[in-house]
Amino acid sequence: MPYTDGDRGPVGLHQTTSVSLARALAVGGISRLDPGLTTVKIWDPAAGLGFAGFLLVKALQASGVEIRYRGQEIDEATASAGRRRFNAVHDAEIAQANTLAHDAFKDFSADLVIVDAPWGMDWSRSATDVKARQSNGEFRFGLPQSSDSTWLFISLALEKLHPAEQGGGRVAALVNPGALSSGGATAAVRQRILDEGLLESVTRLPDGLSPNTQIPLYLLTFSNNARDVSRGKAMVADLQTMFTTDHGRRSIPVEAFHELEFGLRTTKPGPRNRTISTRQFTRRDARLARTTNEGRQLSWRVTTYNDTAIDGGLLEARYGPNSGVSLIKEPRETVDLDPSFVFKDDSRELLRDMAAKGWPSRRLSSLLAREPGIEIDPNNEQDERRLFVPTGWGGIAATNLSETNAGGRVLVIQLDDDSIHLPFMAAWLNSEQGVASRFNAIDKGSSGNHFKALRSDANSLMRWADELLVPVPDLRMQLALAAADERLSSFQTDLGTRRASIWSSPEDADEVVSKVAAAFDDSLTSWLDQLPYPIASALWTAESAQSVGEQQRAYLRAWEAIVTFHATVLLSASRTDPGSSSETEAAIRQTLHEQHLGIEKASFGTWVVIVEKTSKYLRTALQDGDSDDVARVRRAFAELGRAGIERLISKDVVNKFKEVNIKRNRWSGHTGYTSEQELRTQVDSLDSDLRELRGLLGNVWSQLVLVRPGSAKRRLDGLIQTAEVALGTRTPFAAREFAVGEQMFEDELYLVRDGSQSPLRLGHFVQLRAAPSSAHFTTYFYNRTEGRSVRMISYQYGPESELQDDVKSLLLDFGGLVDAVADDHHGKT
């Protein structure tokens, strides 16, 4: 354990580390350690309670390696506790000393150094000693800013290694974001270390791993051995989303460490790691400006990553030709080791979408007449050029403040000229792509590492505007789209009026419906082509039923298919965090028990409970969680955009499932005679429910594609896997190639997007099996457990289409959904 109860009082938890962080240091150190070494000398310049060093020592001793360990700790009580931890280690010493001022083991050189120094510690009190040591040849990479001592510890660690000609050594260090990105003297130290070719890797770790802080941390590894490092190259890895949560504490799962170790040891690219040129660590910052048509000068800061130049070419690509945007002064270059910008940039997908439509893209900053604000200027004479944009979820962009429907802050935007039709801009910002652009801008324009917030000062709001991507098609297209959007909105209003009219004139109800129905007759049929095959095939069976009685029963079974599939998707996504999922599944199990339901006999109500509980957990993580929670939820859904995930987990979807369940129970439980007219009414009602569900889900199933994976091949740019796309009602399925980070298992079902790092593998409650001779595939849904078997049923060919399978095939899928007694029964079977 990292600490004992006795350590809490005299020492404090700020002197120790967590199991996950200690393991990260060990993996970083051992991954490419010379396997021929029989003795390993370890130096630990900020030993604390000694836990990280002790874990590393025990790991090496388990491999039969002899250890010599030397540690330093500035606090006497902490050093004493650390010595007690190492009592059983033959050759281990911990000295009480200020490492920055004094080397207690001057003649000791190391094979391996681990650095878990205080993050962001001011070293000005040690400045005299540090400068004296530098004058004697130490700290040869230079001195960082006095506000952060991280690079002083790393410098000492590198100087403590055996010389390269004697085999060299390795350093593994935990650092905070400021140590990676700050400028000035600290950046100069980073530059010199990078120029010497000593950096091996940078890995982004999940937040919340430390016992006493939520600061995001990174694992850096260095080596002065030429076989470990390649001058001009370094590995970057992103484990931000690779965590599990148990009772509020996060930890990194073992498989993530395996993945990191494999990448470091082999240097081969993986789902979350790649080798890049160290030039990609070049960040450039510049100040830009433009003069509006009113003569007002707007200025903002722009930052580029991946060694992207800030020049005329960038300005034209970013702001369009003749934008009037210019550099105020030459860009400033900084070595920024944060790997996040190498791995993801949501703006790329937005740019691809606009390019596919043939629309030029612009940054809002190049279209503004003045800085965005949060106050309405009563003296503004150009009221017609204003746009109101909420900064929170739920609000809509509008040309009238009262229409934003926002409970939070609303930004006032005034555009510069008539090249943008405001109703078009408002309508686009409320589209799925527009919402994604709005929140991408908020994320990039916000400050803070753990919880990000968009500040209200002019510089922050201009930065937000510069990150907000908007399309600028020709004005004729803008007018046409705005008019179409307005007409569709008026239709919606008219439908509401017509709906109200039937209560004042009931005798006209059929006529009112018939006038409107023609416009929607083929809407569900066209929707089938966008739906996952298990749902589409069940709905097609209902659509093609011969009698109204058969159609009513088929629609009820189709709804069972929909809710089972939806529950399977959300449950599979929630299980990407096993710790939190265990708590969610315990809540599901309790609710099922209270409602006299269970997964052993899975009814419609069972799946509704699963959807309700998992969607609540995912909504909380997405809406109230930190940046890591949001990133993990997006990874769980194969990097689907936030708007799409919000659709899948919305309360409205849960309520729709509950509403249909009530109807199903009422209609299925009615054993008396049901007239054809009553059956037709029920079918119409279920049809209306489907239309509402379509409105709630939008086109999410065409973005998150259901596939059956096949063969895979690795190329220089990553992994390419062929998969059959299981959409619509037609078989055989068409095959497509997908770029993925993790290889998908053949014949399983996945939800994937092209470029997904982690495709979502679905649980086996929904399966595609070999079909009868009349079709290529049949979908089977889990129904119930019967002794040693599970019953799987199909909604494509009637209630008689079912099969029996061994209960063992679904044991993992039951997970925490079964209680202890049922779980024990399943284990015995």
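Heads up: these notes are all about the structure in this document. (Residues numbered from 1 in each chain as written. Predicted model: local features only at pLDDT ≥ 70, side-chain atom pairs only at ≥ 80, totals over all residues. Heavy atoms only, no water.)

1. Observations concerning the overall build of the chain
- The helix and strand inventory of the chain stands at 29 helices and 28 strands.
- Against the compact-globule benchmark of 28 Å for 829 residues, the chain has a radius of gyration of 31 Å, which places it among compact chains.
- The contacts of the chain with a sequence gap of at least 6 include a subset with a gap of at least 24, amounting to 69%. (Helix = DSSP H or I, 4+ residues; strand = E, 2+ residues; numbered from the N terminus. Rg over C-alpha atoms; globule rule 2.2 N^0.38 Å. Contact = heavy atoms within 4.5 Å.)

2. Re empty space enclosed by the protein
- All chains considered together, the criterion is met by four cavities of 30 Å³ or more.
- Here the largest cavity defines a volume of roughly 60 Å³.
- Forming the walls of the largest cavity are Gln280, Phe281, Thr282, Tyr305, Asn306, Asp336, Asp338, Phe341 and Val342.
- Class assignment for the residues of the lining of the largest cavity results in four nonpolar, three polar and two charged.
- Its volume calculated, the second largest cavity comes out at about 50 Å³.
- Lining the second largest cavity are Trp527, Leu531, Ile535, Ile562, His566, Leu693, Leu697 and Trp701. (1 Å grid on protein atoms, 1.4 Å probe; cavity = no way out; pocket = protein on both sides within 12 Å on 5 of 7 lines; lining within 4 Å. Points joined across faces, edges and corners; volume = space filled by probe spheres on them. Nonpolar A, V, L, I, M, F, W, Y, C, P; charged D, E, K, R; others polar.)

3. Considering the packing of aromatic side chains
- Going through the model one piece at a time under the given rule, you end up with 14 aromatic pairs.
- Lying over the aromatic face of Phe243, Arg250 brings its terminal NZ or CZ to 4.3 Å of the ring centre.
- For Lys357, the ring lying beneath its charged end belongs to Trp359, and the centroid distance is 5.7 Å. (Phe/Tyr/Trp six-rings, centres within 6.5 Å; stacked < 30°, edge-to-face > 60°. Lys NZ or Arg CZ within 6 Å of the ring centre and 35° of its normal.)

4. Quick look at the pairing of strand 1 (residues 39–44)
- Taken across its six residues, strand 1 has five buried, putting it largely inside the fold.
- Where strand 1 lies against strand 2 (residues 66–73), six bridges are found, and the strand directions are parallel. Looking across to strand 2, one finds that Thr39 is bridged to Glu66.
- Note that the unit made of strand 1, helix 3 (residues 51–62) and strand 2 has a crossover that is right-handed. (Buried < 20%, exposed > 50% of the residue type's maximum accessible area, 1.4 Å probe, protein only. Pairing = 2+ DSSP bridges. Right-handed = clockwise from strand over helix to strand, strands pointing away.)

5. Considering the pattern of salt bridges
- Following the criterion strictly, the structure yields 55 salt bridges and no others.
- Residue Glu200 is joined to Arg170 by a salt bridge in which the shortest nitrogen-to-oxygen separation is 2.8 Å. Remark: Arg170 occurs in strand 5 (residues 170–175) and Glu200 occurs in strand 6 (residues 199–204); sequence separation between them is 30 residues.
- For Arg170, a relative accessible area of 2% gives the class buried.
- In this structure, Arg283 and Asp336 form a salt bridge, with 2.9 Å as the shortest nitrogen-oxygen distance. Here the residue Arg283 occupies a position in strand 12 (residues 282–291), and Asp336 occupies one in the loop between strand 15 (332–335) and helix 11 (340–343), the gap between them amounting to 53 residues.
- Judged by relative accessible area, which is 5%, Asp336 ranks as buried. (Salt bridge = Lys/Arg side-chain N within 4 Å of Asp/Glu carboxyl O.)

6. Quick notes on the sheet that holds strand 3 (residues 92–96)
- Reading across from one edge, 3-2-1-4-5-7-6-8-11 is the order of the nine strands in this open sheet, with mixed pairing throughout. In this open sheet, the two strands that pair with only one neighbour each are strand 3 and strand 11 (273–277). Geometrically, the sheet is characterised by an average inter-axis angle of 15° between neighbouring strands, direction not taken into account.
- Of the pairings in the sheet, the one linking strand 6 to strand 8 (residues 233–238) comprises four bridges and is parallel in character. In the strand pairing of strand 8, Val202 is matched with Val236.
- Along the sheet face, helix 2 (residues 19–30) touches strand 4 (112–115), strand 5 and strand 7 (218–223) and points at about 150° away from the line of strand 5.
- In this fold helix 4 (residues 76–85) packs onto strand 2 and strand 3, with an angle of close to 175° to the strand it touches most, strand 3. (Axes fitted to C-alpha atoms, helices over the stretch in contact; angles between N-to-C directions.)

7. With respect to the sheet that holds strand 22 (residues 734–740)
- Strand order in the open sheet formed by five strands is 22-21-20-23-24, and the pairing between neighbours is antiparallel. Every interior strand has two partners, whereas the edge strands, strand 22 and strand 24 (760–761), have only one.

8. Quick word on helix 21 (residues 578–594)
- Compared with the 24 Å implied by 1.5 Å per residue over 17 residues, the 24 Å span of helix 21 between its first and last C-alpha is a close match.
- Along helix 21, the residues classified as buried are Gly579, Ser580, Ser581, Thr584, Glu585, Ile588, Thr591 and Leu592.
- Each element contacted by the buried residues of helix 21 is listed here: strand 9 (244–246), helix 20 (548–574), helix 22 (604–624) and helix 28 (811–814).
- One or two positions beyond helix 21, positive phi appears at His596, with a value near 60°. (Expected span 1.5 Å × (residues − 1).)

9. Side note on helix 6 (residues 150–160)
- The buried fraction of helix 6 is high, at 10 of 11 residues.
- Among all positions in helix 6, only Thr150, Trp151, Leu152, Phe153, Ile154, Ser155, Leu156, Ala157, Leu158 and Lys160 are buried.

10. Observations concerning the environment of Met462
- Residue placement: Met462 occurs in helix 15 (residues 458–467).
- Each C-alpha atom, one on Met462 and one on Asp116, is 38 Å from the other, the two residues being 346 residues apart in sequence.
- Not counting the four nearest positions on each side in its chain, Met462 is found in contact with Leu298, Ser299, Trp300, Ser365, Leu368, Glu371 and Pro372.

11. Here we look at the side chain of Asp338
- Assignment of secondary structure puts Asp338 in the loop between strand 15 and helix 11.
- Buried within the structure, Asp338 lacks any salt-bridge partner; its nearest side chain of opposite charge belongs to Arg204, at an N-O separation of 5.5 Å.
- In this structure the side chain of Asp338 is engaged in a polar contact, spanning 3.5 Å, whose partner is the side chain of Tyr218.
- Every residue in contact with Asp338, bar those within four places of it in the chain, is listed here: Leu180, Ser181 and Tyr218. (Lys, Arg positive; Asp, Glu negative; His and termini not counted. Polar contact = N/O pair within 3.5 Å; in protein donor to acceptor, adjacent residues only side chain to side chain.)

12. Some thoughts on the packing of helix 20 against helix 25 (residues 651–668)
- Between helix 20 and helix 25, whose axes approach to 11 Å, the crossing angle comes to 145°. Crossing angle aside, the handedness with which helix 20 passes helix 25 is left-handed. Mapping the contact onto sequence places Gln552, Leu556, Trp559, Glu560, Ile562, Val563 and His566 in helix 20 and Val653, Lys656, Phe657, Val660, Arg664, Trp667 and Ser668 in helix 25.
- Considering only residue class, the contact of helix 20 with helix 25 consists of eight nonpolar, three polar and three charged. (Left-handed = near helix turned anticlockwise from the far one by under 90°.)

13. Structural notes on the packing of helix 20 against helix 22
- The N-to-C vectors of helix 20 and helix 22 enclose an angle of 35°; their axes lie 9 Å apart at closest approach. Helix 20 and helix 22 meet at a crossing whose hand is left-handed. For the pair helix 20 and helix 22, the contacting residues are Trp559, Glu560, Val563, Thr564, His566, Ala567, Leu570, Leu571 and Ser574 in the first and Phe604, Trp607, Val608, Ile610, Val611, Thr614, Ser615, Tyr617 and Leu618 in the second.

14. Observations concerning the nonpolar core
- If you look at the biggest cluster of nonpolar residues, it comprises 86 residues, and the most contacted ones within it are Ile599, Phe637, Trp701 and Tyr782.
- Sorting elements by how many residues they give to this core places helix 20 first, with 15 residues.
- Those residues in contact with Ile599, other than ones at most four positions away along the chain, are Leu592, Thr606, Trp607, Ile610, Phe765, Tyr782, Phe814, Leu817 and Val818. (Core = buried A, V, L, I, M, F, W, Y, C linked by side-chain atoms within 4.5 Å.)

15. Quick notes on the side chain of Ser581
- Tracing the backbone shows Ser581 in helix 21.
- Ignoring any residue separated from it by four or fewer positions in sequence, one finds Ser581 in contact with Ser574 and Arg575.

16. Section: the environment of Lys658
- As for its position among the elements, Lys658 is in helix 25.
- What makes Lys658 partly exposed here is its relative accessible area of 31%.
- For the pair Lys658 and Glu612, spaced 46 residues apart in sequence, the C-alpha to C-alpha distance is 9.3 Å.
- If we skip the residues at most four places from it in the chain, Lys658 touches Val608 and Glu612.

17. Considerations on the pairing of strand 18 (residues 410–414)
- Within strand 18, five of the five residues are buried, which leaves it mostly tucked inside the rest of the structure.
- Across the two faces of strand 18 the burial is the same, with Val410, Val412 and Gln414 and Leu411 and Ile413 all buried.

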